[in-house]
Amino acid sequence: MKTNLLPHRAINQIEIIKVKDNLSFAYTDDVSVEEPLEIRVSYHEGGQLEFKNISVTMRTPGNDEELAAGFLFTEGIISGKQQIKNIYFSEACAKNKENIIIVELTEGFIPDLMKTERNFYTTSSCGVCGKGSIESIRTVSAFQHHKKGNTTVTLETLYQLSGKLQAFQNNFSATGGIHASGLFDAEGNLLALREDVGRHNALDKLIGHALSADMLPLHDKMLVLSGRASFELIQKAVMAGISTVAAIGAPSSLAVDLAKEFDITLVGFLRDNRLNIYHSGSHFNIENLL
């Protein structure tokens with residue numbers, strides 16, 4: 001998979017007036033950059049080169065190739081990195097070229113773009129509604145029939161994950177306004193982390209990285225989310241073969257339903273030496289738990 005991408009800045013500095021008690025003073029503040037990214041695919045069909053707009057998502061610039069690849073994979077449009085020939089920014093619009101990314105698919109592969117038409121979702125803020133969507137995920141998940149090994153984690157390791165995630169969130173430390181998705185092994189070692197203003201974008205970037213690095217499926221890895229666990233985040237975990245998801249925030253009811261359906265261990269409110277187990281998957285064990 002080739003890429004030909006431009007560097008981006010994830011943080012901007014702006015001049016503000018800071019107020020504390022009854023005093024005010026000038027201050028230079030760091031804010032997270034938020035810009036739209038239009039994801040397009042190009043492919044050959046009937047002897048012609050086709051371009052299709054897939055999605056527009058509000059994201060923090062950076063790791064855009066991983067975001068695009070991860071999005072196409074978690075939406076079921078591609079099933080592996082071998083179906084991607086190249087990823088590049090559009091040159092057609094010089095003014096906005098850094099916000100239009102094109103995924104060129106390999107010759108002979110024609111994507112099923114019907115999967116983007118509300119089968120999951122196509123904007124940055126809205127998720128699918130209704131439990132019928134769970135069955136849609138079952139039809140496109142590449143790893144649903146893969147055999148999972150058992151993963152054992154100590155309670156102490158779990159308790160440390162939220163602190164480790166925050167310690168490596170460089171952009172959050174600077175701005176206080178950005179989400180992260182981190183991938184850990186059973187010993188609590190951080191394998192990869194991605195940040196974005198959109199929580200689902202951060203996870204798509206992380207899964208795009210795993211896809212490019214031939215790490216999928218991620219059955220024996222733990223996904224840690226900096227915020228809440230929503231339906232779309234668990235859906236993306238299913239697509240990547242992730243068996244354990246731990247969120248610092250709360251899960252939604254539909255996220256719990258999806259975790260149960262696909263036997264994913266789902267942990268919420270992971271902070272301050274406490275956690276809630278919303279579903280305990282059959283392949284996950286916690287040591288030292290009374």
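Above this note sits the structure.
Starting from 1, residues in each chain are numbered consecutively following that chain's sequence as written. Under the rules for a predicted model, residues below a pLDDT of 70 receive no local features and side-chain atom pairs below 80 are neither given nor counted, while totals for whole chains, interfaces and linings still include all residues. As a rule here, side-chain values come from all non-hydrogen atoms in the structure, and water together with hydrogens is ignored.

Draft legend 1. View of the overall build of the chain. Looking only at helices and strands, the chain features seven helices and 15 strands. Relative accessibility decides the category of a residue: with a 1.4 Å probe and only protein chains considered, values under 20% of the type maximum give buried, values over 50% give exposed, and everything between is partly exposed. By the burial criterion, 50% of the 290 residues in the chain qualify as buried. Contacts in the chain between residues at least 24 apart in sequence constitute 55% of all its contacts with a sequence separation of at least 6. Of the roughly 13,500 Å² of accessible surface on the chain, a fraction of 48% belongs to carbon and sulfur atoms. Helix numbering and strand numbering both begin at the N terminus, where a helix is a DSSP run of H or I of at least 4 residues and a strand a DSSP run of E of at least 2. Any two residues having at least one pair of non-hydrogen atoms within 4.5 Å are treated as being in contact. Methods summary: accessible areas were calculated by the Shrake-Rupley approach with a probe of 1.4 Å, and residue burial reflects only the protein chains presented.

Draft legend 2. Examining helix α7 (residues 253-261) more closely. Here α7 has its buried residues at L254, A255, V256, L258 and A259. D263 sits one or two positions beyond α7 and adopts a positive phi of about 55°.

Draft legend 3. Region of the structure containing the sheet that holds strand β11 (residues 222-225). At least two bridges found by DSSP between two strands is the condition for calling them paired. As summarised here, the arrangement of the six strands in space is β10-β9-β11-β12-β13-β14, forming an open sheet in which the pairing is mixed. Looking at strand neighbours, the two that pair on one side only are β10 (190-196) and β14 (274-279), the edges of this open sheet. If you compare each strand with its neighbour and ignore which way they point, the axes differ by 20° on average. Here four bridges tie strand β9 (residues 179-184) to β11, and the two strands are oriented antiparallel to one another. Paired with F184 across the two strands is M222, which belongs to β11. Simply put, an axis is a line fit to the C-alpha atoms, just over the touching stretch for a helix, and the angle between two N-to-C directions goes from 0 to 180 degrees.

Draft legend 4. Molecular detail of helix α5 (residues 199-212). Helix span, expected: 1.5 Å multiplied by one less than the number of residues in the helix. The end-to-end C-alpha separation of α5 is 20 Å, in line with the 20 Å expected for 14 residues at 1.5 Å each. Within α5, 11 of the 14 residues are buried, which leaves the element mostly enclosed by the surrounding structure. D214 sits one or two positions beyond α5 and adopts a positive phi of about 60°.

Draft legend 5. A look at the packing of helix α1 (residues 64-74) against helix α6 (residues 231-239). One can describe the packing of α1 onto α6 by two numbers: an axis separation of 9 Å at closest approach and a directional angle of 85°. Compared by their axis directions, α1 and α6 come out roughly perpendicular. Judged by residue contacts, F71, F73 and T74 of α1 engage Q235, K236 and M239 from α6. Throughout this entry, Asp, Glu, Lys and Arg are counted as charged residues, while Ala, Val, Leu, Ile, Met, Phe, Trp, Tyr, Cys and Pro are counted as nonpolar. The remaining residues, Gly among them, count as polar. Considering only residue class, the contact of α1 with α6 consists of three nonpolar, two polar and one charged. Angles are sorted into four bins: roughly parallel if under 35 degrees, roughly antiparallel if over 145, roughly perpendicular if 65 to 115, and oblique for all others.

Draft legend 6. Here's a closer look at unusual backbone geometry. In this model, L216 is joined to P217 through a cis peptide bond whose omega is -5°. Counting through the fold element by element, P217 comes out in the loop between α5 and β11. At D272, a residue that is not glycine, the phi angle is positive and equals roughly 55°. Mapping D272 onto the fold places it in the loop between β13 (265-271) and β14. Its relative accessible area of 65% is what places D272 among the exposed residues. One non-glycine residue, N273, lies in the positive phi region at around 55°. In this structure, N273 sits in the loop between β13 and β14.

Worth remembering: the numbers are spatial, not functional.
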